[in-house]
2 protein chains.
Amino acid sequence: MRVMGIDPGLTRCGLGVIDVDPSRRATLVHVGVARSDKDLATHFRLTAIADAIDAVIERHRPEVVAIERVFAQDNLQSVTTTMQVMGAAMACVGRAGLPLAVHTPSEVKSAVSGNGNAGKAQVQTMVARILGLAEAPRPADAADSLAIAICHAWRGTGLLGAPADSSIAVSLSGRLTARTEMTPAQRAWAQAQAAQRRTGAVDPARRRG
Amino acid sequence: MRVMGIDPGLTRCGLGVIDVDPSRRATLVHVGVARSDKDLATHFRLTAIADAIDAVIERHRPEVVAIERVFAQDNLQSVTTTMQVMGAAMACVGRAGLPLAVHTPSEVKSAVSGNGNAGKAQVQTMVARILGLAEAPRPADAADSLAIAICHAWRGTGLLGAPADSSIAVSLSGRLTARTEMTPAQRAWAQAQAAQRRTGAVDPARRRG
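Note that the structure is a prediction, hence the values are computed from the model and not measured.

Quick notes on the UniProt feature "binding site: Mg(2+) 1" (unreviewed entry) in chain A
Residue and element names in this part refer to chain A. Taken from the UniProt record, the annotation "binding site: Mg(2+) 1" (unreviewed entry) applies to D7 and D141. Across 135 residues of sequence, these annotated residues stay compact in space, with a maximum C-alpha separation of 6.2 Å. Residue position: D7 is located in strand β1 (residues 2–7). By relative accessible area, which is 9% here, D7 ends up buried. Relative to the helices and strands, D141 is located in helix α5 (residues 140–155). Within the structure, the side chain of D141 is placed 2.9 Å from the side chain of R12, a separation counted as a polar contact.

Written as structure tokens, this is what we have:
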């Protein structure tokens with residue numbers, strides 16, 4: 001299974017892609033950080049991040065995308081911006097017709113290190129070890145995106161719009177079949193989206209204008 | 001000047017377009033509400049809203065887009081969702097290479113009714129009166145998107161990334177020249193974006209993948 005992880009941020013947005021085989025062994029496919037110019041207006045910065053996400057999806061064709069859930073903290077401006085990056089990123093994943101999973105920071109830390117309160121350095125070290133890399137990917141946002149992808153591949157839950165029962169079933173069976181966890185309606189919609197993007201056909205929503 | 005207003009929402013997203021002449025008279029070009037199916041996963045719903053925004057921009061070619069600023073309130077889930085819609089919408093405006101302005105709800109209410117605490121019905125009534133419509137556009141989200149557009153056309157401030165000085169100059173002169181308020185760097189970036197979308201050329205950010 002090929003999984004893309006996104007660590008949302010406007011200044012640095014971590015984008016990682018891994019392959020995970022049925023024995024849960026993970027290998028690195030891509031890792032990078034999308035950046036946006038601080039001198040640009042926020043909406044142009046969001047577009048730059050969205051373009052980078054589109055490019056990684058197009059090039060590496062993940063089967064599922066996982067993103068870290070943002071929580072309201074004391075710094076309201078930073079949360080606002082990260083929520084907006086999350087929204088722009090989610091729309092990219094939707095346009096590609098892919099399933100999207102959301103994981104909390106503590107789920108991610110716990111999945112890679114066994115400790116939901118692990119520090120950044122510990123997460124980076126574990127990501128490198130899991131992927132068999134000589135050194136940890138830098139900056140931290142890049143390593144975090146890989147940690148999110150590993151978390152999703154190993155947990156197999158957290159898909160948006162997935163029926164709770166099927167998540168549990170997948171989780172218990174331990175098989176990596178997240179791709180098929182969408183409901184039939186979700187799947188039909190996703191396939192129509194993907195087909196439209198490929199052919200450039202105009203869909204009814206666009207005609208309505 | 002042609003202004004598009006967006007009232008961000010996942011279930012109903014108001015989209016309105018008006019023309020405003022130099023004497024500040026406003027006329028209706030388009031009004032509608034983009035809806036998304038509640039049974040779909042959130043990211044697919046965001047894509048549906050983004051597609052509708054793209055379609056209105058493509059069809060009506062606004063010179064500037066204005067959106068209502070969302071504030072953190074007691075309902076955190078609702079704010080999170082609206083922030084995400086805002087992010088997806090902002091990325092659409094950025095992709096079209098257009099300037100984006102943000103106005104607070106009280107600025108919008110004050111601009112159309114003279115009362116920053118006006119109720120929904122009062123805003124709807126004033127929007128209809130300003131645009132010379134026989135009755136108020138419904139639902140409220142549709143009327144709100146027009147109120148946001150009117151607010152921007154009349155105030156001429158609030159552009160993201162605009163130097164504060166130029167906003168003040170425009171505001172004092174009273175002329176509706178918001179389109180030119182971007183900094184030279186913003187304008188160059190916006191023009192490159194728009195040109196790329198037209199020609200389908202690959203930009204360096206995409207090549208980096």
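There's more to say after this.
Looking at the sheet that holds strand β2 (residues 12–20) of chain A
Residues and elements named next belong to chain A. Read across the open sheet, the 5 strands follow the order β3-β2-β1-β4-β5; overall the sheet is mixed. Each having just a single partner strand, β3 (26–35) and β5 (100–103) make up the two edges of the open sheet. Neighbour-to-neighbour, the strand axes of this sheet turn through a mean angle of 20°, independent of strand direction. In this sheet, β3 lies alongside β2 in antiparallel orientation, the contact comprising 9 bridges. When the bridges of β3 are listed, D19 appears paired with T27. Contacts from helix α2 (residues 76–95) reach β1, β4 (64–68) and β5, with the element oriented near 175° to β4.

Quick word on the pattern of salt bridges
Where charged atoms of side chains with opposite charge meet at close range, the side chains can pair. Under the counting rule described, the total for this entry stands at 14 salt bridges over all chains. Across the salt bridge formed by D144 of chain A and K120 of chain A, the nearest N and O atoms sit 3.1 Å from each other. Of this pair, D144 of chain A sits in helix α5 while K120 of chain A sits in helix α4 (residues 120–131), placing them 24 residues apart in sequence. Linked through salt bridges whose partners overlap, the residues forming this network are D51 and D54 of chain A together with R95 of chain B.

Topic: helix α3 (residues 105–113) of chain B
Side chains of residues three or four places apart in an α-helix project in the same direction, reflecting 3.6 residues per turn. Residues and elements named next belong to chain B. For α3, the set of buried residues is V108, V112 and S113. Summarising the axial view, the buried residues of α3 lie within an arc of 95°, below the 170-degree limit, and thus occupy one face. Residues of α3 that are buried sit in contact with β4 (64–68), β5 (100–103), α4 (120–131) and α5 (140–155). Just past α3, the residue G114 takes up positive phi, approximately 80°.

Some thoughts on the packing of α2 of chain A against helix α2 (residues 76–95) of chain B
Contact pair α2 of chain A / α2 of chain B: the axes reach a minimum separation of 7 Å and the direction vectors enclose 70°. In terms of their interaxial angle, α2 of chain A and α2 of chain B are classed as roughly perpendicular. Of the two elements, α2 of chain A crosses α2 of chain B, and the hand of that crossing is right-handed. Residue-level inspection shows T80, M83, Q84, M86, G87, A88, M90, A91 and R95 of chain A of α2 of chain A in contact with α2 of chain B, the latter providing T80, M83, Q84, M86, G87, A88, M90, A91 and R95 of chain B. Classifying every residue of the contact of α2 of chain A with α2 of chain B by side-chain character gives 10 nonpolar, 6 polar and 2 charged.

Thoughts on the sheet that holds strand β2 (residues 12–20) of chain B
Residue and element names in this part refer to chain B. The strand order β3-β2-β1-β4-β5 describes an open sheet built from 5 strands, whose pairing is mixed. The sheet is open, and its two edges are formed by β3 (26–35) and β5, each paired on a single side. The average angle at which neighbouring strand axes cross in this sheet is 20°, direction not considered.

So, the side chain of R45 of chain B
Residues and elements named next belong to chain B. For R45, the location among the structural elements is in helix α1 (residues 42–60). Among buried Asp, Glu, Lys and Arg side chains, R45 stands out as unpaired, with D37 the closest opposite charge at 6.6 Å. Within polar-contact distance, the side chain of R45 engages the side chain of S36 at 2.8 Å.

A few points about unusual backbone geometry
All names here are of chain A. The linkage connecting R138 with the following residue, P139, adopts the cis geometry, with an omega of -5°. Its identity as a non-glycine residue notwithstanding, R61 has a phi of 45°, on the positive side. For R61, the location among the structural elements is in the loop between α1 (42–60) and β4.

Brief notes about the environment of M4 of chain A
All names here are of chain A. Residue placement: M4 occurs in strand β1. Spatially, the C-alpha atoms of M4 and S145 are 7.9 Å apart, while their sequence positions differ by 141 residues. Ignoring sequence-local partners within four residues, the contact set of M4 consists of L15, G16, V17, I53, V56, I57, P62, V64, V65, A66 and A149.

Here we look at the environment of I150 of chain B
Relative to the helices and strands, I150 of chain B is located in helix α5. Spatially, the C-alpha atom of I150 of chain B lies 29 Å from that of D37 of chain B, the residues being 113 residues apart in sequence.

A look at the state of the cysteines
Residue and element names in this part refer to chain B. Evaluation of the coordinates by the stated rule reveals 0 disulfides over all chains. C13 carries a free sulfur, and the closest cysteine sulfur to it, the one in C92, is 9.5 Å from it. What makes C13 buried here is its relative accessible area of 0%. C13 supplies the cysteine sulfur nearest to C151, a cysteine that is in no disulfide, at a spacing of 17 Å. Given a relative accessible area of 0%, C151 falls into the buried group.

How each quantity is defined
Residues numbered from 1 in each chain as written. Chains lettered and ligands numbered in written order. Predicted model: local features only at pLDDT ≥ 70, side-chain atom pairs only at ≥ 80, totals over all residues. Heavy atoms only, no water. UniProt positions renumbered as here; feature names shortened; annotations may be inferred. Helix = DSSP H or I, 4+ residues; strand = E, 2+ residues; numbered from the N terminus. Buried < 20%, exposed > 50% of the residue type's maximum accessible area, 1.4 Å probe, protein only. Polar contact = N/O pair within 3.5 Å; in protein donor to acceptor, adjacent residues only side chain to side chain. Pairing = 2+ DSSP bridges. Axes fitted to C-alpha atoms, helices over the stretch in contact; angles between N-to-C directions. Contact = heavy atoms within 4.5 Å. Salt bridge = Lys/Arg side-chain N within 4 Å of Asp/Glu carboxyl O. Arc of directions from axis to C-beta. Parallel < 35°, antiparallel > 145°, perpendicular 65-115°, else oblique. Left-handed = near helix turned anticlockwise from the far one by under 90°. Nonpolar A, V, L, I, M, F, W, Y, C, P; charged D, E, K, R; others polar. Lys, Arg positive; Asp, Glu negative; His and termini not counted. Disulfide = S-S within 2.5 Å.

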